[in-house]
Amino acid sequence: MNIKEIKFSNLENKNLNFNISKQIYFENYESNKNFSPSLNQFLVSCFLTFLSLIGILISRLRGLTKAHYFIIPLQAKFPYIDKRSQEIFKLINRNKTFNLVKSISFKNSFKFFFLYPNTIFLYSILDIILFFNYKHSVNKETNFLRFHQCNKKYKFILKKIFKFLGIKKLITIDDHRLSCLFQEICENLKITSIGYMHGKFNKYQIGLRLNTFDNYIIWDDFFKKQLLNINKSYKSKKILFYPHHSLNKKFLKKIDKNKRKSQINILYIYEEKINFKKIFSFLKKLSNEKKINLSIKLRNNSFLNKNLMDFAKKNQINLIYENNLKKVFDINYEFLLAHNSTLLYESVFFNVTPVRVISKDLFNNDEICEKFFLDLSLKNSNFFNFFNKNKKKYNIEKLKKTIWKYHMTKFPFNNNKKLKNLLIN
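Here, residues in each chain are numbered from 1, in the same order as that chain's written sequence. In view of the model being predicted, local features appear only for residues whose pLDDT reaches at least 70, and side-chain atom pairs are presented and counted only at 80 or more, with totals across whole chains, interfaces and linings using the full set of residues. Hydrogen atoms and water are omitted, and side-chain values are computed over all heavy atoms in the structure.

How would you summarise the pattern of salt bridges if you had to cite specific residues and measurements?
Between Lys or Arg on one side and Asp or Glu on the other, a salt bridge is scored when a side-chain nitrogen of the former is within 4 Å of a carboxyl oxygen of the latter. Counted according to the given criterion, the structure contains 11 salt bridges. Lys102 is the salt-bridge partner of Asp175, the closest N and O atoms lying 3.3 Å from each other. In this pair, Asp175 sits in the loop between strand 4 (169–173) and helix 8 (179–189) while Lys102 sits in strand 2 (residues 98–103), placing the two residues 73 residues apart along the sequence. Exposure class is identical for Asp175 and Lys102. Each is buried. Here Arg177 makes a salt bridge to Asp175, at a shortest N to O gap of 3.8 Å. Segments assigned H or I by DSSP are reported as helices when at least four residues long, segments assigned E as strands when at least two residues long, and all are numbered from the N terminus. Only protein chains enter the accessibility calculation, which uses a 1.4 Å probe; a residue is then buried when its area is under 20% of its type maximum, exposed when over 50%, and partly exposed in between.

Here it is, written out as structure tokens:
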């Protein structure tokens, strides 16, 4: 049992009533994170909270009783909304919902508010609570319990806001750090909750394991099975499907696998929680292979890693900032390399073979448990042989039908009508 498994088991065995904070505890246990905001962060949060108060009053005057929580990515452009949430906004009007926003970009937050003033900035409220009520401790348990006390105050304030507005329905992306918080508020206030898929499911998403949303919207039947493996209580809930924002059959290109190429095109996904120093030698060896053409994709919701940027520039590696998968895979990549990214699933739709980069010493790849992905050791010394050997034998078409059945055929009869009624009414 690895450290993550031990930590998770210990957390589940603790019969304490702190579900709203368990995910934060689990993710930050080893680092003993200091949750105190800096003075600059506090001042920015004060300004955003002032805007939020205006947003609450505007929402009350408009009589808004439907709330929607979503994320504004760091590198977002107009309309400043996460792609997954943009799909939901095709069915509901963002001017007619009380918008609960998570954003780490002050500039994007400011722009969004002036477009849609019926908005509050959730994390600014929590920052103010933490600034006045939280003091960091070197003791992990004490530190976490102090954070939890602040989170309880946060829950109390959100409940008051929802009650003041008379919120009857909450639609939310399944941000597992906030899922339990929203689920408990909705249960207390008899609010109908609708969660929609954020990315891959795994057993460490505590917000999915402990409680349930009244309704759940997911990409495809494969993920419904994953969801039920995590929490069987969803059997009694309404589960509906909505197409992935970047997957459309008409955009697929046919690739001739038998065509000889002088180089193998590979896309590596740099993930947020991966320390660049730990993968430097791996990427260095990969980029030095003469028969391999390496590109690196960055997340659009993370601060850019300067060391990675310098490394890519020095080694003439193409960096990809694009978030639209159709445009990303417009280049004929043959393999996608990632550690735990949802792109391991998404790449299959675009006829790109998914490869998990694994290492017992550095990474715990147990967040993705499927056995149908290829595994490449971080210590591998002969990359070309690995990729060349797996070029033809990997059955990408079979895997595509397994993961993306509805996207390759048709979504269930009457699904769209039910979904529209659920979100609009």
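Just give me the short version of a nonpolar patch on the surface, but keep the residues and values in it.
Each patch is built from residues lacking any salt bridge and having more than 30% relative accessible area; the joining distance is 9 Å for like charges and 5 Å for nonpolar side chains (Val, Leu, Ile, Met, Phe, Trp, Tyr). Under the convention used here, a 1.4 Å probe and the Shrake-Rupley method define accessible areas, while residue burial counts only the protein chains that appear. A contiguous nonpolar surface patch, about 620 Å² in accessible area, is contributed by Val44, Phe47, Phe50, Ile54, Phe106, Phe110 and Phe114. Looking at the nonpolar patch, the elements that each hand over two or more residues are helix 3 (39–62) and helix 5 (106–115). Looking at where Phe110 falls in the secondary structure, it is placed in helix 5. For Phe110, a relative accessible area of 31% puts it in the partly exposed group.

I'd like a rundown of the nonpolar core, residues and numbers included.
Here, nonpolar core refers to any group of buried Ala, Val, Leu, Ile, Met, Phe, Trp, Tyr and Cys residues whose side-chain atoms link them within 4.5 Å. In this structure, Phe223, Tyr268, Phe282, Phe329, Leu337 and Phe387 are the most contacted members of the largest nonpolar core, which totals 70 residues. In this structure, Leu48, Leu51, Cys150 and Leu170 belong to the second largest nonpolar core, which totals 55 residues.

Can you break down helix 11 (residues 276–288) residue by residue, with the values?
Helix length check: helix 11 (13 residues) gives 17 Å between terminal C-alpha atoms against 18 Å at 1.5 Å per residue, within 8%. Of all bends in helix 11, the biggest is about 30 degrees, found at Phe282. In this scheme, a helix's expected span is set at 1.5 Å multiplied by one less than its residue total. Fitting axes to the seven residues ending at a residue and to the seven starting there, one defines the bend at that residue as the angle between these axes.

Tell me about helix 6 (residues 122–133), and please be specific about residues and values.
Taking 1.5 Å as the rise per residue, helix 6 with 12 residues should run 16 Å; its terminal C-alpha atoms sit 17 Å apart, in good agreement. Three or more residues of helix 6 are buried, namely Leu122, Ser124, Ile125, Leu126, Asp127, Ile128, Ile129 and Leu130. Whether two residues are in contact is decided by their heavy atoms: any pair within 4.5 Å suffices. Considering only its buried residues, helix 6 is in contact with helix 3, strand 1 (66–72), strand 2, strand 3 (119–121), helix 7 (140–165) and helix 8.

Which residues make up the packing of aromatic side chains, and what are the values?
Any aromatic ring pair is given by two values, namely how distant the centres are and how the planes are angled relative to each other. Only rings of Phe, Tyr and Trp enter the pairing, Trp through its six-membered ring, and a pair is recorded when the two centres are within 6.5 Å. The plane angle decides the type: under 30 degrees is stacked, over 60 is edge-to-face, the rest tilted. Going through the model one piece at a time under the given rule, you end up with 40 aromatic pairs. Between Phe42 and Phe131, the ring centres sit 3.8 Å apart and the planes meet at 10 degrees, which makes this aromatic pair stacked. Of this pair, Phe42 sits in helix 3 while Phe131 sits in helix 6; the two residues are 89 residues apart in sequence, bridging distant segments of the chain. Of the residues examined, Phe42 reaches a relative accessible area of 10% and is grouped as buried. Aromatic pair Tyr268 and Phe282: ring centres 6.4 Å apart, planes at 55 degrees, arrangement tilted.

Pulling in residues and values, what's your account of the environment of Phe131?
For Phe131, a relative accessible area of 32% translates into the label partly exposed. When the C-alpha positions of Phe131 and Phe35 are compared, they lie 8.8 Å apart, and in sequence the two are 96 residues distant. Among residues more than four places away in sequence, those in contact with Phe131 are Pro37, Leu39 and Phe42.

How would you sum up the sheet that holds strand 12 (residues 353–358)? Please name residues and give values.
Note on sheets: strands pair through backbone hydrogen bonds, and any given pair is parallel or antiparallel. By this definition, two strands are paired if DSSP reports at least two bridges between them. The parallel open sheet is built from 6 strands, whose spatial order is 10-9-8-11-12-13. Single-partner strands in this sheet number two, and they are strand 10 (318–320) and strand 13 (374–377). Strand-to-strand twist across the sheet, computed as the mean angle between neighbouring axes with direction ignored, equals 30 degrees. The pairing of strand 8 (residues 264–269) with strand 11 (residues 335–338) spans 3 bridges and is parallel. Note on strand 11: the bridge partner recorded for Tyr268 is Leu337. Where helices are involved, their axes are fitted lines through C-alpha atoms of the stretch in contact, as for all axes, and angles between N-to-C directions lie from 0 to 180°.

Residue-level account of the environment of His136, with values.
Topologically, His136 is positioned in the loop between helix 6 and helix 7. Apart from the residues lying within four places of it in its own chain, the contact partners of His136 are Asn32, Lys33, Asn34, Ser36, Asn143 and Arg146.

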